[in-house]
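Here are the chains, one letter per residue:
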Amino acid sequence: MEFQGELNPIIAERFTDHLDVFGKTMEQMDVIQLMAERCKEALKAGNKVLFCGNGGSAADAQHLAAELIGRFQKERRSLASIALTTDTSILTAVANDYGYDEVFARQVEGLGRSGDVLIGISTSGNSANVVKAALKARDTGMHTIAFTGEGGGKLKDICDITFAVPSKVTARIQEMHIMVGHIICELVEEEYDKSNNYRVFE
(Lines give C-alpha, C1' and ligand atoms only; values in the text may rest on other atoms or scores of the structure.)
Protein backbone atom coordinates (compact mmCIF):
# COMPACT_ATOMS: atom_id res chain seq x y z
CA MET A 1 0.00 0.00 0.00
CA GLU A 2 1.44 3.35 -1.02
CA PHE A 3 0.85 6.40 1.17
CA GLN A 4 -1.19 9.09 -0.52
CA GLY A 5 -1.07 12.66 0.73
CA GLU A 6 1.27 14.99 2.57
CA LEU A 7 3.73 13.48 5.03
CA ASN A 8 3.30 14.69 8.60
CA PRO A 9 6.42 16.76 9.44
CA ILE A 10 6.62 15.18 12.91
CA ILE A 11 7.94 11.98 11.32
CA ALA A 12 10.97 13.65 9.73
CA GLU A 13 11.53 15.80 12.83
CA ARG A 14 11.70 12.76 15.11
CA PHE A 15 14.16 10.98 12.83
CA THR A 16 16.28 14.13 12.90
CA ASP A 17 16.04 14.35 16.70
CA HIS A 18 16.99 10.70 17.02
CA LEU A 19 20.02 11.07 14.77
CA ASP A 20 21.18 14.15 16.66
CA VAL A 21 21.05 12.36 20.02
CA PHE A 22 22.56 9.24 18.46
CA GLY A 23 25.55 11.23 17.23
CA LYS A 24 26.16 12.75 20.65
CA THR A 25 25.74 9.36 22.34
CA MET A 26 28.53 7.91 20.22
CA GLU A 27 30.93 10.05 22.24
CA GLN A 28 30.34 7.65 25.15
CA MET A 29 31.52 4.47 23.43
CA ASP A 30 34.25 4.05 26.05
CA VAL A 31 31.62 4.10 28.80
CA ILE A 32 29.62 1.45 26.97
CA GLN A 33 32.64 -0.83 26.73
CA LEU A 34 33.40 -0.29 30.41
CA MET A 35 29.85 -1.31 31.36
CA ALA A 36 30.09 -4.44 29.24
CA GLU A 37 33.44 -5.38 30.80
CA ARG A 38 31.99 -4.99 34.28
CA CYS A 39 29.13 -7.35 33.38
CA LYS A 40 31.52 -9.85 31.79
CA GLU A 41 33.72 -9.91 34.88
CA ALA A 42 30.75 -10.50 37.16
CA LEU A 43 29.36 -13.33 35.06
CA LYS A 44 32.80 -14.92 34.75
CA ALA A 45 33.04 -14.99 38.54
CA GLY A 46 29.65 -16.70 38.88
CA ASN A 47 27.76 -13.55 39.81
CA LYS A 48 24.62 -12.12 38.24
CA VAL A 49 23.23 -8.95 36.70
CA LEU A 50 20.13 -7.33 38.22
CA PHE A 51 18.05 -4.71 36.42
CA CYS A 52 15.44 -2.25 37.70
CA GLY A 53 13.44 0.71 36.43
CA ASN A 54 9.92 2.12 36.17
CA GLY A 55 7.50 2.31 33.25
CA GLY A 56 9.37 2.17 29.95
CA SER A 57 12.55 1.59 31.92
CA ALA A 58 10.89 -1.43 33.56
CA ALA A 59 10.20 -2.76 30.08
CA ASP A 60 13.88 -2.23 29.20
CA ALA A 61 14.95 -4.02 32.40
CA GLN A 62 12.82 -7.05 31.51
CA HIS A 63 13.90 -6.95 27.87
CA LEU A 64 17.62 -6.96 28.67
CA ALA A 65 17.34 -9.60 31.40
CA ALA A 66 15.53 -11.80 28.87
CA GLU A 67 18.33 -11.32 26.32
CA LEU A 68 20.85 -12.65 28.87
CA ILE A 69 18.76 -15.49 30.27
CA GLY A 70 17.64 -16.56 26.81
CA ARG A 71 19.94 -15.44 24.04
CA PHE A 72 20.75 -12.31 22.10
CA GLN A 73 22.36 -13.41 18.83
CA LYS A 74 24.15 -16.70 19.45
CA GLU A 75 23.47 -20.05 21.04
CA ARG A 76 25.17 -20.30 24.44
CA ARG A 77 24.44 -21.13 28.05
CA SER A 78 21.99 -19.00 29.98
CA LEU A 79 23.46 -16.04 31.86
CA ALA A 80 22.36 -15.19 35.38
CA SER A 81 20.16 -12.12 35.17
CA ILE A 82 17.06 -10.91 37.01
CA ALA A 83 14.65 -8.07 36.29
CA LEU A 84 13.39 -6.77 39.66
CA THR A 85 10.24 -5.45 37.96
CA THR A 86 8.35 -8.65 37.26
CA ASP A 87 7.06 -10.31 40.44
CA THR A 88 3.76 -8.58 41.19
CA SER A 89 3.41 -10.26 44.58
CA ILE A 90 6.78 -8.90 45.71
CA LEU A 91 6.16 -5.48 44.20
CA THR A 92 2.73 -5.06 45.76
CA ALA A 93 3.68 -6.56 49.13
CA VAL A 94 6.76 -4.37 49.53
CA ALA A 95 4.94 -1.27 48.25
CA ASN A 96 2.08 -1.94 50.69
CA ASP A 97 4.26 -2.74 53.71
CA TYR A 98 7.26 -0.47 53.20
CA GLY A 99 6.33 2.03 50.48
CA TYR A 100 6.95 2.09 46.73
CA ASP A 101 10.39 3.62 47.14
CA GLU A 102 11.57 0.30 48.64
CA VAL A 103 10.32 -2.12 45.96
CA PHE A 104 13.75 -2.60 44.35
CA ALA A 105 16.01 -2.04 47.37
CA ARG A 106 14.24 -4.81 49.27
CA GLN A 107 14.88 -7.23 46.41
CA VAL A 108 18.51 -6.15 46.15
CA GLU A 109 18.87 -6.88 49.86
CA GLY A 110 17.46 -10.38 49.45
CA LEU A 111 18.89 -11.36 46.06
CA GLY A 112 22.03 -9.28 45.62
CA ARG A 113 25.49 -10.48 46.63
CA SER A 114 28.91 -8.85 46.62
CA GLY A 115 30.27 -8.96 43.07
CA ASP A 116 26.87 -8.85 41.39
CA VAL A 117 25.98 -5.96 39.07
CA LEU A 118 22.93 -3.71 39.46
CA ILE A 119 21.86 -1.76 36.39
CA GLY A 120 19.44 0.97 37.43
CA ILE A 121 17.50 2.54 34.58
CA SER A 122 15.94 5.99 35.08
CA THR A 123 15.60 8.63 32.37
CA SER A 124 15.79 11.38 34.99
CA GLY A 125 18.37 9.65 37.16
CA ASN A 126 16.23 10.59 40.15
CA SER A 127 13.65 7.79 40.49
CA ALA A 128 13.54 7.26 44.25
CA ASN A 129 13.17 3.49 44.15
CA VAL A 130 16.06 3.12 41.68
CA VAL A 131 18.24 5.45 43.75
CA LYS A 132 17.51 3.44 46.90
CA ALA A 133 18.27 0.20 45.07
CA ALA A 134 21.64 1.60 43.96
CA LEU A 135 22.45 2.68 47.51
CA LYS A 136 21.56 -0.78 48.84
CA ALA A 137 23.62 -2.42 46.10
CA ARG A 138 26.61 -0.25 46.92
CA ASP A 139 26.34 -1.15 50.60
CA THR A 140 26.14 -4.83 49.64
CA GLY A 141 29.38 -4.67 47.65
CA MET A 142 27.74 -4.87 44.26
CA HIS A 143 28.90 -3.03 41.17
CA THR A 144 26.47 -0.28 40.19
CA ILE A 145 25.68 0.99 36.70
CA ALA A 146 23.21 3.78 35.84
CA PHE A 147 21.36 4.31 32.57
CA THR A 148 20.07 7.89 32.73
CA GLY A 149 19.38 11.03 30.73
CA GLU A 150 21.26 14.30 30.50
CA GLY A 151 23.15 15.20 33.66
CA GLY A 152 22.76 11.78 35.27
CA GLY A 153 20.62 12.96 38.19
CA LYS A 154 21.20 11.50 41.67
CA LEU A 155 22.32 8.18 40.26
CA LYS A 156 25.44 9.76 38.81
CA ASP A 157 26.76 10.46 42.31
CA ILE A 158 25.95 6.95 43.56
CA CYS A 159 26.90 4.56 40.78
CA ASP A 160 30.32 3.31 39.70
CA ILE A 161 29.54 3.92 36.01
CA THR A 162 26.93 6.24 34.54
CA PHE A 163 25.72 6.19 30.95
CA ALA A 164 23.88 9.51 30.60
CA VAL A 165 22.14 10.06 27.26
CA PRO A 166 22.68 13.70 26.21
CA SER A 167 18.98 14.55 25.96
CA LYS A 168 16.13 15.66 28.19
CA VAL A 169 13.46 14.03 26.00
CA THR A 170 12.27 10.77 27.53
CA ALA A 171 11.61 9.05 24.20
CA ARG A 172 15.08 9.83 22.82
CA ILE A 173 16.72 8.68 26.07
CA GLN A 174 14.82 5.38 26.01
CA GLU A 175 15.79 4.79 22.38
CA MET A 176 19.46 5.11 23.27
CA HIS A 177 19.07 2.96 26.40
CA ILE A 178 17.78 -0.06 24.52
CA MET A 179 20.36 0.32 21.74
CA VAL A 180 23.21 0.45 24.25
CA GLY A 181 21.68 -2.42 26.22
CA HIS A 182 21.75 -4.50 23.05
CA ILE A 183 25.39 -3.58 22.44
CA ILE A 184 26.27 -4.73 25.96
CA CYS A 185 24.48 -8.04 25.35
CA GLU A 186 26.44 -8.54 22.13
CA LEU A 187 29.75 -7.77 23.84
CA VAL A 188 28.94 -10.18 26.67
CA GLU A 189 28.18 -12.92 24.14
CA GLU A 190 31.67 -12.53 22.66
CA GLU A 191 32.85 -14.60 25.61
CA TYR A 192 31.26 -17.78 24.22
CA ASP A 193 32.65 -20.11 21.59
CA LYS A 194 30.66 -22.02 19.00
CA SER A 195 30.24 -25.01 21.31
CA ASN A 196 28.21 -22.78 23.68
CA ASN A 197 30.89 -22.78 26.39
CA TYR A 198 32.77 -19.94 27.98
CA ARG A 199 35.83 -18.89 26.08
CA VAL A 200 38.85 -18.29 28.23
CA PHE A 201 38.61 -14.73 29.52
CA GLU A 202 41.70 -12.75 28.68
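Shown above is the structure to which this text applies.
I will try to describe carefully the structure that is included in this document. (Residues numbered from 1 in each chain as written. Predicted model: local features only at pLDDT ≥ 70, side-chain atom pairs only at ≥ 80, totals over all residues. Heavy atoms only, no water.)

### Description of the sheet that holds strand E2 (residues 81-83)
- An order of E2-E1-E3-E4-E5 is seen for the five strands of this open sheet, with the pairing classed as parallel. In this open sheet, the two strands that pair with only one neighbour each are E2 and strand E5 (161-164). Neighbour-to-neighbour, the strand axes of this sheet turn through a mean angle of 15°, independent of strand direction.
- In this sheet, E5 lies alongside strand E4 (residues 143-148) in parallel orientation, the contact comprising four bridges. The residue bridging Ile-145 from the neighbouring strand is Ile-161, located in E5.
- Here helix H3 (residues 56-69) sits on the sheet in contact with strand E1 (49-53), E2 and strand E3 (117-121), set at roughly 160° to E1. (Pairing = 2+ DSSP bridges. Helix = DSSP H or I, 4+ residues; strand = E, 2+ residues; numbered from the N terminus. Axes fitted to C-alpha atoms, helices over the stretch in contact; angles between N-to-C directions. Contact = heavy atoms within 4.5 Å.)

### Structural notes on empty space enclosed by the protein
- According to the stated counting rule, one finds one cavity of 30 Å³ or more in the structure shown.
- Counted as a void, the largest cavity has a volume near 70 Å³.
- Lining the largest cavity are Cys-39, Val-49, Phe-51, Leu-64, Leu-68, Ile-119, Phe-147, Gly-181, Ile-184, Cys-185 and Val-188.
- Broken down by secondary-structure element, the contributors of at least two residues to the lining of the largest cavity are E1, H3 and helix H8 (170-189).
- A total of four residues in the lining of the largest cavity trace back to one element, the largest contributor, which is H8.
- Looking at side-chain class alone, the lining of the largest cavity contains ten nonpolar, one polar and no charged residues. (1 Å grid on protein atoms, 1.4 Å probe; cavity = no way out; pocket = protein on both sides within 12 Å on 5 of 7 lines; lining within 4 Å. Points joined across faces, edges and corners; volume = space filled by probe spheres on them. Nonpolar A, V, L, I, M, F, W, Y, C, P; charged D, E, K, R; others polar.)

### Quick notes on the pattern of salt bridges
- The full count for this structure, using the stated rule, is 13 salt bridges.
- Across the pair Glu-37 and Lys-40 runs a salt bridge whose closest N-O atoms are separated by 3.5 Å. Within this pair, Glu-37 and its partner Lys-40 are both found in helix H2 (residues 29-44), separated by three residues, close to a single helical turn.
- By relative accessible area, which is 6% here, Lys-40 ends up buried.
- Notably, a salt bridge pairs Glu-102 with Lys-132, separated by 2.8 Å at the nearest N-O pair. One end of the pair, Glu-102, is in the loop between helix H4 (88-98) and helix H5 (105-111); the other, Lys-132, is in helix H6 (residues 128-140), with 30 residues separating them in the sequence.
- A relative accessible area of 25% places Glu-102 in the partly exposed class.
- Linked through salt bridges whose partners overlap, the residues forming this network are Glu-13, Arg-14 and Asp-17. (Salt bridge = Lys/Arg side-chain N within 4 Å of Asp/Glu carboxyl O. Buried < 20%, exposed > 50% of the residue type's maximum accessible area, 1.4 Å probe, protein only.)

### Overview of the side chain of Asp-60
- On the secondary structure map, Asp-60 appears in helix H3.
- No salt bridge is formed by the buried Asp-60. Its closest oppositely charged neighbour is Arg-172, at 12 Å.
- Leave out the neighbours within four places in its chain, and Asp-60 touches Ile-121, Gln-174, His-177 and Ile-178. (Lys, Arg positive; Asp, Glu negative; His and termini not counted.)

### Notes on the pairing of E1
- Most of E1 is tucked away, with five of its five residues classed as buried.
- Where burial is concerned, the two faces of E1 agree: the one with Val-49, Phe-51 and Gly-53 and the one with Leu-50 and Cys-52 are both buried.
- In terms of strand pairing, E1 meets E3 through five bridges, oriented parallel. Looking across to E3, one finds that Val-49 is bridged to Val-117.

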